[in-house]
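Single-letter residue listing:
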Amino acid sequence: MEVELKEMLHDLESLKQSLPDPSHRASIDKLRLRVEQLTSLEKSGPARRLKVKDMSAEVVDSNPYSRLMALQRMGIVENYERIREFSVAIVGIGGVGSVAAEMLTRCGIGRLLLYDYDKVELANMNRLFFRPEQVNMTKTDAAVQTLSDINPDVILESYTMNITTVQGFETFVSSLKNKSFRPNKEGSGVDLVLSCVDNYEARMAVNQACNEMNQTWMESGVSEDAVSGHIQLLIPGETACFACAPPLVVASGIDERTLKREGVCAASLPTTMGVVAGLLVQNTLKFLLNFGQVSPYLGYNSLKDYFPTMEMKPNPQCSNVACLERQKDYIVAKPARDVALKAKVEAEALLVPECPLHADNEWSISVVDDSGLDGMDAASSDTLPEGLVRELPSADKAQELPTSEAPLTSNDDLEDLRRQLEALNS
Ligand SMILES: [Zn+2]
């Protein structure tokens, strides 16, 4: 652009010199002035912030990480800056994946690997993240453009390809194995894979790669009618893999292939996709930074604002051979894992703080004991006006549902899951 403007100035000067009538020169000068103004506008451009070497907790307006580092002071996260060591791969940069990528970028994740084969279309504008001027760009390139402006500290890798093809799958696996970002890391080159794809084949490809590599991943999905979704944590050998028990929220309902017909498409809402992306990244942060409880499965039914949770054990008859191998590894490693867990619990017991957390803080924020609130909830259920009943169990009771029965065999597990998901879809 700058070169074109310079050439235009040169052409205008030549034109001015060649004009026989000097009275016409004033209008040429006017044009020249406008081009010069455009040149200076182009040079100033949008201001990009410089890279930040260390994450600081200093509370100043110019610190992009002050609010995140405050999580340490509030006692939520022990060491927030560790986020810069982590690599997360996001497969599918659509309505959920693009928003998840933006959230992780704003949180200062170390490295993001982005996979998608599609281009941005005007039909995507009902969702968040992409902008109309990015139409026809590949989703990965458009994402890198936006994300690198938001946070230049994040290392972004863009893979424009389809992971369900033979070549795409190989590139996918080798990119996950690349450890140049953190050579001393155990296992693969990434800490977590997030599946944000919209079809069964791509989920099965992610499942295959992660089972083969013993790579922990999280799956996400939004239903074709746009009003429900889920996230799920998959640890090879320890939890059900995608082939052990595909979530019926995705697999049931309308057959994907019928959606491929001309003039027919799935519905989508920026709200549901934003909620699912938020749940997915919240679970990711808890997993990476080691705080709170990482949900093994969390559903979202927006029509009833119902969030069921459950745990899924691996299926010993799973059709995926790599899954069966990981299940064997998990059983073999169990005694060593139990010893390590016991040692950790004992070590933590010795570190019980002697003084209350946040006894002194400059914001005068106090932590309220919420055990009394449970009592209030129980009491208020008795005070509902006559003729009204609660449609849904309270959050605490809903969480008891999956564990209320004795430990289940895998078949019972799947039956139970099927029943719960059918209830969720109805
Ligand atoms: Zn499996």
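It should be emphasised that the depicted structure is a prediction, and the values quoted were computed from it without experimental measurement. (Residues numbered from 1 in each chain as written. Predicted model: local features only at pLDDT ≥ 70, side-chain atom pairs only at ≥ 80, totals over all residues. Heavy atoms only, no water.)

S.K.: Where do I start with the nonpolar core in this structure?
M.R.: It is characteristic of soluble globular proteins that their nonpolar side chains tend to be buried jointly. Judged by nonpolar contacts, the single largest core of 44 residues is most densely connected at Tyr-80, Ile-90, Leu-104, Ile-109, Leu-112 and Leu-194. Mapped onto this core, the elements with two or more residues apiece are helix H3 (66-73), strand E1 (87-91), helix H4 (97-106), strand E2 (111-116), helix H5 (139-150), strand E4 (192-195), strand E6 (228-234) and helix H10 (270-289). When residues of this core are assigned to their parent elements, the largest contribution, eight residues, is made by H10. Each residue touching Ile-90, except ones within four places of it in the same chain, is listed here: Gly-97, Ala-100, Ala-101, Leu-104, Leu-112, Leu-113, Leu-114, Tyr-115, Leu-194 and Cys-196. In terms of nonpolar packing, the next biggest core, distinct from the first, is built from 23 residues, Tyr-159, Ala-209, Leu-234 and Phe-242 among them. (Core = buried A, V, L, I, M, F, W, Y, C linked by side-chain atoms within 4.5 Å. Buried < 20%, exposed > 50% of the residue type's maximum accessible area, 1.4 Å probe, protein only. Helix = DSSP H or I, 4+ residues; strand = E, 2+ residues; numbered from the N terminus. Contact = heavy atoms within 4.5 Å.)

S.K.: Just to check I follow, could you spell out the packing of H4 against H10 for this structure?
M.R.: For any two helices packed against each other, one specifies the crossing angle of their axes together with the interaxial distance. Their axes nearest at 9 Å, the elements H4 and H10 cross at an angle of 40°. One way to sum up the angle between H4 and H10 is to call them oblique. Crossing hand, H4 versus H10: right-handed. For the pair H4 and H10, the contacting residues are Val-99, Ala-100, Met-103 and Leu-104 in the first and Ala-277, Gly-278, Leu-280, Val-281, Thr-284 and Leu-285 in the second. Of the residues in the contact of H4 with H10, the class split is eight nonpolar, two polar and no charged. (Axes fitted to C-alpha atoms, helices over the stretch in contact; angles between N-to-C directions. Parallel < 35°, antiparallel > 145°, perpendicular 65-115°, else oblique. Left-handed = near helix turned anticlockwise from the far one by under 90°. Nonpolar A, V, L, I, M, F, W, Y, C, P; charged D, E, K, R; others polar.)

S.K.: Explain H10 to me, please; I cannot follow it from the model alone.
M.R.: Taking 1.5 Å per residue as the helical rise, H10 with its 20 residues ought to reach 28 Å, and the 28 Å between its terminal C-alpha atoms agrees with that figure. At the C-terminal side of H10, Asn-290 shows a positive phi close to 60°. (Expected span 1.5 Å × (residues − 1).)

S.K.: What is the right way to read the packing of aromatic side chains from this model?
M.R.: One pair of aromatic rings is described through two measures. These are the centre distance and the angle between the planes. All chains considered together, the criterion is met by five aromatic pairs. Aromatic side chains Tyr-115 and Tyr-159 sit 4.8 Å apart centroid to centroid with 10° between the ring planes, which places their arrangement in the stacked category. In this pair, Tyr-115 sits in strand E2 while Tyr-159 sits in strand E3 (residues 155-160), placing the two residues 44 residues apart along the sequence. You'll find Tyr-115 and Tyr-159 in the same group, each marked buried. Between Tyr-115 and Phe-172, the ring centres sit 5.0 Å apart and the planes meet at 90°, which makes this aromatic pair edge-to-face. Residue Tyr-115 is located in strand E2, and its partner Phe-172 is located in helix H6 (residues 166-177); the two are separated by 57 residues in the primary sequence. Accessibility assignment for this pair places Tyr-115 and Phe-172 in one class, buried. (Phe/Tyr/Trp six-rings, centres within 6.5 Å; stacked < 30°, edge-to-face > 60°.)

S.K.: Mind showing me how you'd approach the side chain of Ser-148 here?
M.R.: Structurally, Ser-148 is set in helix H5. The buried category is assigned to Ser-148, whose relative accessible area is 18%. There is a polar contact of 3.3 Å between the side chain of Ser-148 and the backbone oxygen of Gln-145. When sequence neighbours within four positions are dropped, the list of residues in contact with Ser-148 reads Arg-48 and Leu-156. (Polar contact = N/O pair within 3.5 Å; in protein donor to acceptor, adjacent residues only side chain to side chain.)

S.K.: Where do I start with helix H7 (residues 200-213) in this structure?
M.R.: Look at H7: 20 Å from first C-alpha to last across 14 residues, which is about the 20 Å you get at 1.5 Å a residue. Along H7, the residues that are buried comprise Ala-202, Arg-203, Ala-205, Val-206, Asn-207, Ala-209, Cys-210, Asn-211 and Met-213. Where H7 begins, one side-chain oxygen reaches toward the backbone nitrogen of Glu-201, 3.3 Å away; that side chain belongs to Asn-199. In the segment just after H7, Asn-214 is the residue with positive phi, at about 55°.

S.K.: Explain the coordination of the zinc ion to me, please; I cannot follow it from the model alone.
M.R.: Tetrahedral coordination by four donors places them ideally at 109.5 degrees to one another around the metal; octahedral coordination by six donors ideally gives 90 or 180 degrees. Donor atoms from the polypeptide that coordinate the zinc ion comprise Cys-241 (SG), Cys-244 (SG), Cys-318 (SG) and Cys-323 (SG), at 2.3 Å from the metal. The site at the zinc ion holds four donor atoms, and with the angles between them running 105 to 116°, its shape is tetrahedral. Sequence spacing among the residues donating to the zinc ion works out to C-x2-C-x73-C-x4-C. Here Cys-241 is found in the loop between E6 and helix H8 (248-251), whereas its partner Cys-318 is found in the loop between strand E7 (297-301) and helix H11 (321-332), with 77 residues between them in sequence. (Donors = N, O, S within 2.8 Å, 3.2 Å for Na, K, Ca; no water. Tetrahedral: all angles 85-135°; square planar, octahedral: opposite > 155°, others 65-115°.)

S.K.: Hey, could you run me through the pattern of salt bridges in this one?
M.R.: Two side chains bearing opposite charge may form a pair once their charged atoms approach each other closely. Under the defined criterion, the tally for this structure stands at 19 salt bridges. In this structure, Glu-157 and Arg-111 form a salt bridge, with 2.7 Å as the shortest nitrogen-oxygen distance. One end of the pair, Glu-157, is in strand E3; the other, Arg-111, is in strand E2, with 46 residues separating them in the sequence. For Lys-344, the salt bridge identified is with Glu-348, shortest N-O distance 3.9 Å. Of the two residues, Lys-344 and Glu-348 both sit in helix H12 (residues 334-350), four residues apart, roughly one turn of that helix. Each of Glu-13, Arg-32 and Glu-36 takes part in salt bridges that share partners, so that together they form one network. (Salt bridge = Lys/Arg side-chain N within 4 Å of Asp/Glu carboxyl O.)

S.K.: Help me understand the environment of Glu-133 in this model?
M.R.: Mapping Glu-133 onto the fold places it in the loop between E2 and H5. By relative accessible area, Glu-133 is classed as exposed at 55%. For the pair Glu-133 and Glu-121, spaced twelve residues apart in sequence, the C-alpha to C-alpha distance is 9.9 Å. A polar atom in the side chain of Glu-133 sits 2.7 Å from the side chain of Arg-131.

S.K.: Where do I start with the sheet that holds E7 in this structure?
M.R.: Pairing between the strands of a sheet comes from backbone hydrogen bonds, and it takes one of two forms, parallel or antiparallel. Ordered in space as E3-E2-E1-E4-E5-E6-E7, the seven strands form an open sheet in which the pairing is mixed. Strand pairing shows two members of the sheet lacking a second neighbour, E3 and E7, which therefore form its edges. Strand-to-strand, the axes of this sheet are offset by a mean angle of 15°, without reference to chain direction. Across the face of the sheet, H7 comes into contact with E1, E4 and strand E5 (217-222) while running at roughly 170° to E5. Each of E1, E4, E5, E6 and E7 is contacted by H10, which is oriented at about 170° to E5, the strand it contacts most. (Pairing = 2+ DSSP bridges.)

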